[in-house]
Amino acid sequence: QVQLVESGGGLVQPGGSLRLSCAASGSIFSTYVMGWYRQAPGKQRGLVAYITLGGSTNYADSVKGRFTISRDNAKNTVYLQMNSLKPEDTAVYYCNTFNPRNDFWGQGTQVTVSS
């Protein structure tokens, strides 16, 4: 079965950077459009960025210019490079397909931006 595991989160000061990874147990990134999602305290989970099969990327307005999504199909891994982090970026970050599948949701990785 396909399993997605997020990693790379942690505590970082405002203005800092983190690189999140999403590793799949099977080869799916060559087949599906993948996205990163996040859920902040008191808010619903929302789409942050996604990457198409052709490599086109799209971002939520709140992260444009600061976040970069990429993938490595050979490694079955999707990445989210986060720069110039702000306290409002604090959330649990998840990866899933662009049309998310319920059975693909993992534990996510916590990102905390604080002084």
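Reading the values: the criteria
Residues numbered from 1 in each chain as written. Predicted model: local features only at pLDDT ≥ 70, side-chain atom pairs only at ≥ 80, totals over all residues. Heavy atoms only, no water. Pairing = 2+ DSSP bridges. Helix = DSSP H or I, 4+ residues; strand = E, 2+ residues; numbered from the N terminus. Axes fitted to C-alpha atoms, helices over the stretch in contact; angles between N-to-C directions. Buried < 20%, exposed > 50% of the residue type's maximum accessible area, 1.4 Å probe, protein only. Salt bridge = Lys/Arg side-chain N within 4 Å of Asp/Glu carboxyl O. Disulfide = S-S within 2.5 Å.

1. A few points about the sheet that holds strand 10 (residues 109-113)
On the basis of which strands lie adjacent, the open sheet formed by 6 strands has the order 2-10-9-4-5-6 and mixed pairing. Since the sheet does not close on itself, it has two edges, and those belong to strand 2 (10-12) and strand 6 (57-59), each with one partner. Recorded for the sheet is a direction-independent mean angle of 25° between the axes of neighbouring strands. Taken together, the 3 bridges between strand 9 (residues 91-97) and strand 10 define a ladder with antiparallel strand orientation. Bridge pairing in strand 10 places Tyr 93 opposite Thr 109.

2. Focus on the sheet that holds strand 1 (residues 4-7)
The 4 strands are arranged 1-3-8-7 in an open sheet whose pairing can be described as antiparallel. Each edge of the open sheet carries a strand with a single partner, namely strand 1 and strand 7 (67-72). Strand-to-strand, the axes of this sheet are offset by a mean angle of 15°, without reference to chain direction. In this sheet, strand 8 (residues 77-82) lies alongside strand 3 (residues 18-24) in antiparallel orientation, the contact comprising 6 bridges. Among the inter-strand pairings, Cys 22 is bridged to a residue of strand 8, identified as Val 78.

3. What to know about the pairing of strand 3
Within strand 3, 5 of the 7 residues are buried, which leaves the element mostly enclosed by the surrounding structure. The pairing of strand 1 with strand 3 spans 4 bridges and is classified as antiparallel. Following the sheet pairing, Leu 4 is matched in strand 3 by Ala 24.

4. Observations regarding the pattern of salt bridges
Counted according to the given criterion, the structure contains 4 salt bridges. Note that Asp 61 is salt-bridged to Lys 64, the shortest N-O span being 3.0 Å. Residue Asp 61 is classed as exposed on the basis of its relative accessible area of 65%. In this structure, the salt-bridge partner of Asp 89 is Arg 66, at a minimum N-O distance of 2.7 Å. One end of the pair, Asp 89, is in the loop between strand 8 and strand 9; the other, Arg 66, is in the loop between strand 6 and strand 7, and 23 residues separate them in sequence. The burial state of Asp 89 is the same as that of Arg 66; both residues are buried. Sharing partners across several salt bridges, the network here consists of Arg 38, Arg 66 and Asp 89.

5. Things to note about the state of the cysteines
Summed over the entire model, instances satisfying the criterion amount to 1 disulfide. Across a sulfur-sulfur distance of 1.9 Å, Cys 22 and Cys 95 are joined as a disulfide pair. The S-S bond linking Cys 22 to Cys 95 shows a torsion near 65°; that makes this disulfide right-handed. Of this pair, Cys 22 sits in strand 3 while Cys 95 sits in strand 9, and the two are 73 residues apart along the sequence.

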